[in-house]
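Chain residues, written in single-letter form:
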Amino acid sequence: MKNKQKKNYILPLAAVLCVLSLAVMVFALTRQEAQPEMGEFTPPPFDAAAVVGSPDVPEGLGWQELDAKAYKVGICGKFIPKGNSADVWLTNPVSNTVWLKVRVLDEKGNTLGETGLLRPGEYVQSVELDTVPKAGAPIVLKIMAYQPDTYYSEGAVSLNTAVSVG
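Residues numbered from 1 in each chain as written. Predicted model: local features only at pLDDT ≥ 70, side-chain atom pairs only at ≥ 80, totals over all residues. Heavy atoms only, no water.

Colleague: Quick question: what am I supposed to make of the side chain of Thr91 here?
Modeller: With respect to the helices, strands and loops of the structure, Thr91 is situated in strand S5 (residues 85-92). Thr91 sits in the buried class, given a relative accessible area of 7%. Of note is the side chain of Thr91, whose polar atom sits 3.0 Å from the backbone oxygen of Trp89. Not counting residues up to four positions away in its chain, the partners in contact with Thr91 are Pro55, Trp63, Val73, Gly74, Leu100, Glu122 and Tyr123. (Helix = DSSP H or I, 4+ residues; strand = E, 2+ residues; numbered from the N terminus. Buried < 20%, exposed > 50% of the residue type's maximum accessible area, 1.4 Å probe, protein only. Polar contact = N/O pair within 3.5 Å; in protein donor to acceptor, adjacent residues only side chain to side chain. Contact = heavy atoms within 4.5 Å.)

Colleague: Help me understand the packing of aromatic side chains, please; the structure alone is not making it clear to me.
Modeller: Note on aromatic pairs: each is described by the distance of the centres and the angle between the planes. Applying the stated criterion across every chain, the model contains four aromatic pairs. A ring pair is formed by Phe46 and Trp99, whose centres lie 4.8 Å apart and whose planes are at 75°; its orientation type is edge-to-face. Of this pair, Phe46 sits in the loop between helix H1 (2-30) and strand S1 (51-52) while Trp99 sits in strand S6 (residues 99-106), and the two are 53 residues apart along the sequence. Looking at Phe46, the relative accessible area reads 27%, which means it is partly exposed. Residue class for Trp99 comes out buried when judged on its relative accessible area of 9%. (Phe/Tyr/Trp six-rings, centres within 6.5 Å; stacked < 30°, edge-to-face > 60°.)

Colleague: Sorry, what's going on with the pattern of salt bridges here?
Modeller: A side chain of one charge can pair with a side chain of the opposite charge when the charged atoms of the two come close. In this structure the tally under the stated criterion is four salt bridges. The partner of Asp87 in a salt bridge is Lys82, with the nearest N and O atoms 3.1 Å apart. The exposure class of Asp87 is buried, given its relative accessible area of 14%. Overall, Lys82 belongs to the exposed group, its relative accessible area being 52%. For Glu114, the salt bridge identified is with Lys101, shortest N-O distance 2.3 Å. (Salt bridge = Lys/Arg side-chain N within 4 Å of Asp/Glu carboxyl O.)

Colleague: Help me out: how do you make sense of unusual backbone geometry in this one?
Modeller: Working note: non-glycine residues mostly have negative phi, and peptide bonds are mostly trans. Located in the positive-phi region is Lys69, a residue other than glycine, with phi close to 70°. Note on Lys69: relative accessible area 81%, which makes it exposed.

Colleague: Looking at this structure, I do not really get the nonpolar core. What am I missing?
Modeller: The nonpolar side chains of a soluble globular protein tend to be buried, and buried together. Of all hydrophobic cores here, the largest spans 21 residues; its most connected members are Phe79, Leu90 and Val104. The set of elements that each furnish at least two residues to this core consists of strand S3 (72-76), S5, S6, strand S8 (122-128) and strand S9 (138-146). Considering each element in turn, this core owes the most residues, four residues, to S9. Beyond its immediate stretch of four places on either side in the chain, Leu90 contacts Val73, Gly74, Ile75, Lys101, Val102, Thr115, Leu118, Glu122, Tyr123 and Val124. Counting residues in each nonpolar core, the second largest holds six residues, with Val57, Leu61, Trp89 and Tyr123 among its members. (Core = buried A, V, L, I, M, F, W, Y, C linked by side-chain atoms within 4.5 Å.)

Shown next, in the form of structure tokens:
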């Protein structure tokens, strides 16, 4: 008799567990997960101060053309703020097929200033600074490249330097 009573409890218990499992699965499948909201992409503007041609960079600013494999970029390694700007002579050689810009970052990664986009064959002399770093402070010149029209990233290169005194 005991054996028969055990069998009578097992069948209803198994049925309850099945129904409970189905309820949990239905709940999990129908529950709406909160999707993180993606910010809308705003294309960076073109630099209003861009000049077509090749720059005539003064001596002593450490200007050089760097090869980033997918593109080339000309920029000064010596960073000397004058008021709330600094001459970087950012150059996008005519041989490139990308748009370029530079962002000036402090050692914590905060943006101090940035240029607008440059098309191939353009350069810009200065970058406007929202925050002027102190002399000797380490900074990063982050050069970012974009595919024309689509704004897909073509990569970025960083130049580590420090603020110099003029």
